[in-house]
Amino acid sequence: MAKCPECDAEIDLDEEEVEEGELLSCPECEKGLEVVQTHPLRLDAISDDDDEADDDEEDLKSDDDDDDDDVKDAEEEDDHDETEDEAEPR
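Owing to the predicted nature of the structure, the values given are computational and were not obtained by experimental measurement.

1. With respect to the environment of E22
- Here E22 shows up in the loop between β2 (10-11) and β3 (23-25).
- C-alpha separation for the pair E22 and L43, spaced 21 residues apart in sequence, amounts to 9.6 Å.
- Aside from chain neighbours lying at most four places away, what touches E22 is E17, L33, E34 and V35.
- A distance of 3.1 Å separates the side chain of E22 from the backbone nitrogen of E19, its partner in a polar contact.

Right under this line is the structure:
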């Protein structure tokens, strides 16, 4: 038996049937929970902020990758323009 850290609802779990790191949800408030300890059984609420922070970091990484591609494309265009300028007779 464990209690939800968010709403204090009793959650019927057997210490022998769960593993540390297992993800659950509270049947009352539907909050995401993680088993952080099995003996005695202890649950922690999964923070929504952590999930959002991870998503933000992934978005930033993909934006950075896009920026790198834009820089490479611009450099290639500059190289191409210089080559055309050099090929023209003066």
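On we go from here.
2. Some remarks on a negative patch on the surface
- Negative charge collects at one region of the surface, where D12, D14, E16 and E17 lie side by side.
- With respect to the helices and strands, E16 occurs in the loop between β2 and β3.
- Assessed through its relative accessible area of 62%, E16 is described here as exposed.

3. Focus on the nonpolar core
- Core analysis: the largest hydrophobic core is formed by 11 residues, namely A2, C4, A9, I11, L13, V18, C26, L33, V35, L41 and L43.
- Elements represented by at least two residues in this core include exactly β4 (32-38) and β5 (41-45).
- For V35, the contacting residues outside a window of four places in its chain are V18, E19, E20, G21, E22, L24, L41, R42 and L43.

4. What about unusual backbone geometry?
- Residue P40 is bonded to the preceding H39 through a cis peptide linkage, with omega at -5°.
- On the secondary structure map, P40 appears in the loop between β4 and β5.
- One non-glycine residue with positive phi stands out, namely D8, at about 65°.
- Here D8 shows up in the loop between β1 (2-3) and β2.
- Of note, the phi angle at E30 is positive, near 65°, even though the residue is not glycine.
- Within the element layout of this structure, E30 appears in the loop between β3 and β4.

5. Notes on the pairing of β5
- In this structure, β4 lies alongside β5, joined through 5 bridges in antiparallel fashion. Residue Q37 lies in a different strand from β5, and its bridge partner there is R42.
- Here β4 folds back onto β5, and the loop between the two strands holds 2 residues.

6. So, the sheet that holds β5
- The strand order β3-β4-β5 describes an open sheet built from 3 strands, whose pairing is antiparallel. Sheet topology places β3 and β5 at the edges, where each strand pairs with a single neighbour. Taking the axes of each pair of neighbouring strands and ignoring which way they run, one obtains an average angle of 40° across the sheet.
- As paired elements, β3 and β4 share 3 bridges and run antiparallel to each other. The residue bridging L23 from the neighbouring strand is E34, located in β4.

Definitions and cut-offs
Residues numbered from 1 in each chain as written. Predicted model: local features only at pLDDT ≥ 70, side-chain atom pairs only at ≥ 80, totals over all residues. Heavy atoms only, no water. Helix = DSSP H or I, 4+ residues; strand = E, 2+ residues; numbered from the N terminus. Contact = heavy atoms within 4.5 Å. Polar contact = N/O pair within 3.5 Å; in protein donor to acceptor, adjacent residues only side chain to side chain. Patch = residues over 30% accessible without salt bridge, like charges linked within 9 Å, V, L, I, M, F, W, Y side chains within 5 Å. Areas by Shrake-Rupley, 256 points an atom, 1.4 Å probe, with all protein chains shown as cover. Salt bridge = Lys/Arg side-chain N within 4 Å of Asp/Glu carboxyl O. Lys, Arg positive; Asp, Glu negative; His and termini not counted. Charge placed at Lys NZ, Arg CZ, Asp CG, Glu CD. Buried < 20%, exposed > 50% of the residue type's maximum accessible area, 1.4 Å probe, protein only. Core = buried A, V, L, I, M, F, W, Y, C linked by side-chain atoms within 4.5 Å. Pairing = 2+ DSSP bridges. Axes fitted to C-alpha atoms, helices over the stretch in contact; angles between N-to-C directions.

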